[in-house]
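The primary structure of each chain is shown beneath.
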Amino acid sequence: MGLEVKRSLALSKGTIRSLYKAGISIGFALLLTSVLFLLTGANPFLAFYYIFAGAFGNVSLAAETLVRTTPILLVSLGLAISFRCKVWNIGAEGQLYMGAMLGTITAVALGNTPLTLIISLLVSIAGGLAWASVPAFMRAKLGINEVITTFLMNYVSIYLIQWLLAFPFRSPDTLFPESAQIPPSAVLPVLLPYTRLHLGVIIALFVALPLVHFLMMRTTFGYKLKAVGENPEAAKYGGINVGRTMFLALIISGALAGLAGFVEVSGIQFRMRPSLSPGYGYTGIVVALLGQNNPVGVALASIFLAAIFNGSTTMSRALGQPQGVVDFIQGVLVIFVLASEYILRYLERKGVLKV
Amino acid sequence: MMEVEWALIIGFIAAGIRTSAPLMLASLGETIVERGGILNLGIEGAMLIGAFTGFMGAFLTGNLWVGLLMAILGGILTVLTFGILVVRINLDQVVSGLAINLLAAGLCLYFFRLAFSQGAFPYLSELIGPYPIPLLSQIPVIGEVLFNQTIFVYVGIVSVPITYYLIFKTSYGLKLRSVGEDPLVASYLGIEVSRIRYTALILEGIFVGMAGGLLCLSMFNVFDTRIVAARGFVAVSIVILGRWNPVGAFAGSLLFGFTEALSLWIGTFLIGPASASISQLLSLLPYLVTLIALLIGGRRVRGPAALGSPFSKE
């Protein structure tokens with residue numbers, strides 16, 4: 001018993017390597033961003049100060065950062081499952097929209113009943129799952145590259161939803177292409193007065209995160225994911241149904257993306273809009289890679305990206321920087337996450353780092 | 001009456017070929033690298049960079065041809081960056097491609113907003129228009145459809161036999177294909193795998209840079225980070241459907257170019273209360289058709305054997 005605890009407290013070599021890699025990625029990305037700030041005439045220290053202050057400067061700002069973390073975390077937890085078995089779901093954006101749309105339709109149709117919230121949440125999970133099951137089927141049964149199909153389906157879903165909101169489900173009471181407002185009973189309650197921090201953050205951090213952690217680390221399915229990801233041929237000879245594992249991984253990630261979508265409607269927007277997500281489906285990819293498909297790592301990476309998301313708005317206003325710094329950081333971050341293994345090995349060879 | 005209908009149909013066919021041009025160029029480029037065993041999903045990002053550098057080049061100098069040159073340079077640079085990731089340091093090709101797409105989106109959004117203040121709406125005052133080929137464009141029907149097009153269409157069509165010849169009839173093509181089938185054996189035979197692959201990537205960069213550039217320089221006169229709209233991924237699908245053959249890629253490009261033109265064309269003919277609704281819904285048609293085509297023609301196809309797998313001699 002005592003031994004067990006000790007072993008789980010001491011960081012394994014793999015964990016230390018992962019931490020180094022995350023550190024290298026973030027370090028290089030911030031360094032490059034600093035260069036960008038210098039080139040555009042902004043003081044990098046001041047810029048990062050404003051980003052930090054804008055994300056955590058007071059209680060309400062910190063609450064907003066957690067609000068931003070919620071959809072990113074839900075999406076990236078799902079992507080971590082899918083990426084663990086090397087199924088590259090880049091359709092989370094579309095799955096998120098489908099979940100949000102179906103959840104909203106359900107909530108509006110049911111009206112104000114005690115079960116509206118829970119049923120709508122379940123429908124959004126089912127919506128994301130169903131949308132992901134198409135590319136999952138194509139991958140598992142027909143061997144069609146899921147990267148292409150999931151991405152193309154983003155376009156189908158977004159155009160479909162724009163149409164649904166412009167015509168059949170257009171709100172009767174506003175001038176915009178958006179849905180009717182969801183009933184009060186479908187709204188996720190606010191946790192902290194005078195902020196937008198809603199129950200969704202509890203769902204993400206204290207329900208989805210432990211569940212995904214358990215699924216990945218403590219079940220045979222989690223083991224299968226890893227086996228398929230590391231060597232599908234060997235997994236097949238070991239008796240694992242590779243196609244089935246890939247199928248499940250992809251639909252579970254779709255389910256979580258769908259949930260993220262309706263949580264965003266139910267906690268923040270209260271209506272379905274074509275502009276619901278500023279690209280959470282893509283941010284989720286960066287987060288899952290930065291967190292190296294480890295649920296805890298993914299949670300930390302979600303908070304980090306959410307902080308940059310919110311903080312860079314404050315920074316842009318203060319320093320006259322253009323909007324879009326967050327996209328720049330996301331872009332360079334993902335390249336350095338990729339290269340970090342190489343950089344780490346290089347540093348080890350040179351004797352700078354020892355793992 | 002008949003004449004009017006003829007003119008409409010000819011106009012539609014010409015439009016279909018015009019909208020096929022970016023797909024032709026991109027899928028020919030992708031065919032080359034995939035024959036060499038590299039799956040470049042960063043093509044979407046490379047097209048975006050091409051569109052951006054093309055737009056900026058044309059906007060800043062006022063010369064569309066400078067824009068085209070910048071687009072090609074942007075395409076080459078992006079594809080080579082991808083090449084460094086997958087050829088030099090042997091990273092996973094799929095993830096590297098995704099990384100390139102995210103990087104491209106981030107760079108373009110940031111630098112576009114850096115260059116133009118919020119609310120500014122920069123546009124090009126002219127586009128690279130059709131260049132009628134003397135005499136040939138006078139031929140009835142065929143002249144209008146084939147010989148009164150932009151240079152991008154001409155380059156796309158002419159590149160089909162050239163690419164075919166390059167892949168199947170030259171010694172470079174033989175090496176390229178053997179690298180794509182089995183890079184280890186190829187390297188034992190004395191073929192420099194990375195040199196072959198870098199050459200293929202540079203060729204792809206030229207094609208893809210043009211494909212991206214033409215979006216800004218010949219189709220739309222503005223830049224937007226959503227301008228590529230999955231055309232890169234459609235091009236990758238076309239390569240699969242065309243069985244890694246330039247002729248197949250050409251046919252596939254026409255199919256999707258015509259679908260895109262059709263979804264716009266139908267919209268212009270609709271009248272009545274439902275017309276706005278239907279024409280908006282038609283926007284998803286090209287993506288849906290690509291998915292259905294993959295469902296029918298993309299199952300268990302066998303591409304170059306080493307496609308997508310990292311290679312190092314150690």
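All chains use their own residue numbering, which begins from 1 and follows the written sequence. Numbering of ligands from 1 and lettering of chains from A proceed in the order in which they are written. Given that this is a predicted model, residues contribute local features only at a pLDDT of at least 70 and side-chain atom pairs are listed and counted only at 80 or more, while totals for whole chains, interfaces and linings are drawn from all residues.

Looking at an unreviewed UniProt entry, one finds chain B named ABC transporter permease and attributed to Thermoproteota archaeon. If you open the UniProt record of chain B and go to Subcellular location (unreviewed entry), you find "Cell membrane". UniProt positions are given in the numbering used here, feature names are shortened, and annotations may be inferred rather than shown by experiment.

## Focus: the overall build of chain A
We count a stretch as a helix when DSSP gives it H or I for four or more residues in a row; a strand needs E for two or more, and each element gets its number in order from the N terminus. Each helix and strand in chain A was counted, giving 14 helices and 0 strands. Reading the secondary structure of chain A in the N-to-C direction produces α-α-α-α-α-α-α-α-α-α-α-α-α-α. All radius of gyration figures rest on C-alpha atoms, and the globule criterion is 2.2 Å times the number of residues raised to 0.38. Computed over C-alpha atoms, the radius of gyration of chain A comes to 21 Å, within 12% of the 20 Å expected from 2.2 N^0.38 for 355 residues, which places it in the range of a compact globule. Seen through its C-alpha atoms, chain A measures out along the principal axes to roughly 65 × 60 × 45 Å.

## Digging into the overall build of chain B
Of regular secondary structure, chain B possesses 13 helices and 0 strands. Overall, chain B is about 70 × 45 × 40 Å in size when its C-alpha atoms are taken along their principal axes. Comment: burial labels come from other C-beta atoms within 10 Å of the residue's own C-beta, placed from the backbone, where a count of 20 or more is buried, 12 or fewer is exposed, and between is partly exposed. Going through the 314 residues of chain B one by one, you find that 51% of them count as buried. We call two residues in contact when their backbone-placed C-beta atoms lie within 7 Å. For chain B, restricting intrachain contacts to residue pairs at least 6 apart in sequence, the fraction spanning at least 24 positions comes to 76%.

## Re the interface of chain B and chain A
With 37 residues of chain B at the contact, the number on the chain A side is 38 residues. The set of elements that each furnish at least two residues to the side of chain B that touches chain A consists of helix 4 (93-115), helix 10 (231-241), helix 12 (275-281) and helix 13 (285-297) of chain B. For the side of chain B that touches chain A, the leading source of residues is helix 4 of chain B, giving 14 residues.

## A closer look at helix 9 (residues 220-230) of chain A
Note on helix geometry: an α-helix contains 3.6 residues per turn, so any two residues three or four positions apart are oriented the same way. All names here are of chain A. Within the sequence span of helix 9, burial applies to Lys 224, Leu 225 and Val 228. Along the long axis of helix 9, the arc covered by the buried residues comes to 105°, so they all point the same way. Buried positions along helix 9 lie against helix 4 (59-84), helix 8 (200-218), helix 10 (232-237) and helix 11 (242-269). Note: the arc covers the axis-to-C-beta directions of the helix.

## Some details on the packing of helix 7 (residues 171-181) of chain B against helix 9 (residues 193-219) of chain B
Residue and element names in this part refer to chain B. To get an axis, fit a line to the C-alpha atoms, keeping to the stretch in contact for a helix; angles then go from 0 to 180 degrees between the N-to-C directions. Where helix 7 contacts helix 9, the axes come no closer than 10 Å and their chain directions differ by 110°. The pairing of helix 7 with helix 9 is recorded here as roughly perpendicular in orientation. Contact with helix 7, carried on its side by Lys 175, Leu 176 and Val 179, involves Val 193, Ile 196, Arg 197 and Ala 200 of helix 9 and no other residues of that element. In this classification, the charged set is Asp, Glu, Lys and Arg, the nonpolar set is Ala, Val, Leu, Ile, Met, Phe, Trp, Tyr, Cys and Pro, and all remaining amino acids, among them Gly, are polar. Here the contact of helix 7 with helix 9 is built from residues that sort into 5 nonpolar, no polar and 2 charged. Oblique is the label for any angle not covered by the other classes, which are roughly parallel (under 35 degrees), roughly antiparallel (over 145) and roughly perpendicular (65 to 115).

## Observations concerning the nonpolar core
Counting 212 residues, the largest nonpolar core has Leu74(A), Val75(A), Leu152(A), Leu256(A) and Val334(A) as its most contacted members. With 15 residues, the single largest contributor to this core is helix 11 of chain A. If near-sequence neighbours (up to four positions away) are discounted, Val334(A) is found in contact with Val286(A), Leu289(A), Ala99(B), Leu102(B) and Leu103(B). In plain words, the nonpolar core is the set of buried Ala, Val, Leu, Ile, Met, Phe, Trp, Tyr and Cys residues that C-beta atoms within 7 Å link up.

## Here's the deal with the packing of helix 10 of chain B against helix 11 (residues 246-269) of chain B
Residues and elements named next belong to chain B. Their axes nearest at 8 Å, the elements helix 10 and helix 11 cross at an angle of 130°. For the element pair helix 10 / helix 11, the angle class is oblique. Every pair of crossing elements has a handedness; the one defined by helix 10 and helix 11 is right-handed. Only Gly 248, Ala 249, Gly 252, Ser 253 and Phe 256 of helix 11 make contact with helix 10, whose side of the interface consists of Val 234, Ile 238, Val 239 and Leu 241. Note on convention: the crossing is left-handed when the near helix lies turned anticlockwise from the far helix by less than a right angle, right-handed when the turn is clockwise.

## A look at helix 2 (residues 43-61) of chain B
All names here are of chain B. To estimate the expected span of a helix, subtract one from its residue number and multiply by 1.5 Å. In this model helix 2 runs 26 Å from its N-terminal to its C-terminal C-alpha over 19 residues, within 8% of the 27 Å that 1.5 Å per residue would give. For helix 2, a buried count of 17 out of 19 residues is recorded, marking the element as mostly surrounded by other parts of the structure. Within two residues after helix 2, Gly 62 carries a phi angle of roughly 75°, on the positive side.

## Concerning the confidence of the model for chain A
Every residue is assigned a pLDDT by the predictor, reflecting its confidence on a scale from 0 to 100. For chain A, mean pLDDT is 93; residues scoring 70 or higher make up 97% of the total. Segment residues 1-6 of chain A is flagged for pLDDT under 50; beyond a separation of four residues in sequence, or across chains, it makes 0 contacts in the model.

## A word on the environment of Ile240(A)
All names here are of chain A. Looking at the secondary structure, you find Ile 240 in the loop between helix 10 and helix 11. A sequence separation of 182 residues divides Ile 240 from Asn 58, and the C-alpha atoms of the two residues are 50 Å apart. Leave out the neighbours within four places in its chain, and Ile 240 touches Lys 224, Ala 227, Val 228, Ala 235 and Thr 245.

## Looking at unusual backbone geometry
Residue and element names in this part refer to chain B. At Asn 90, a residue that is not glycine, the phi angle is positive and equals roughly 55°. Here Asn 90 is to be found in the loop between helix 3 (64-88) and helix 4. Phi at Trp 244 is positive, roughly 55°, even though this residue is not glycine. Its place among the elements puts Trp 244 in the loop between helix 10 and helix 11.

## Some details on the environment of Ile43(B)
Structurally, Ile43(B) is set in helix 2. For Ile43(B), the contacting residues outside a window of four places in its chain are Ala26(B), Glu30(B), Val208(B), Gly232(B), Ala235(B) and Val236(B).

## Details of the environment of Thr199(B)
Secondary-structure assignment places Thr199(B) in helix 9. As for Thr199(B) and Leu176(B), which are separated by 23 residues in sequence, their C-alpha atoms are 9.5 Å apart.

## Observations concerning the confidence of the model for chain B
Where the model shows low pLDDT, its predicted coordinates should not be examined in detail. When the pLDDT values of chain B are averaged, the result is 92; 98% of them are 70 or greater. Note on the complex model: pTM 0.93, ipTM 0.92.

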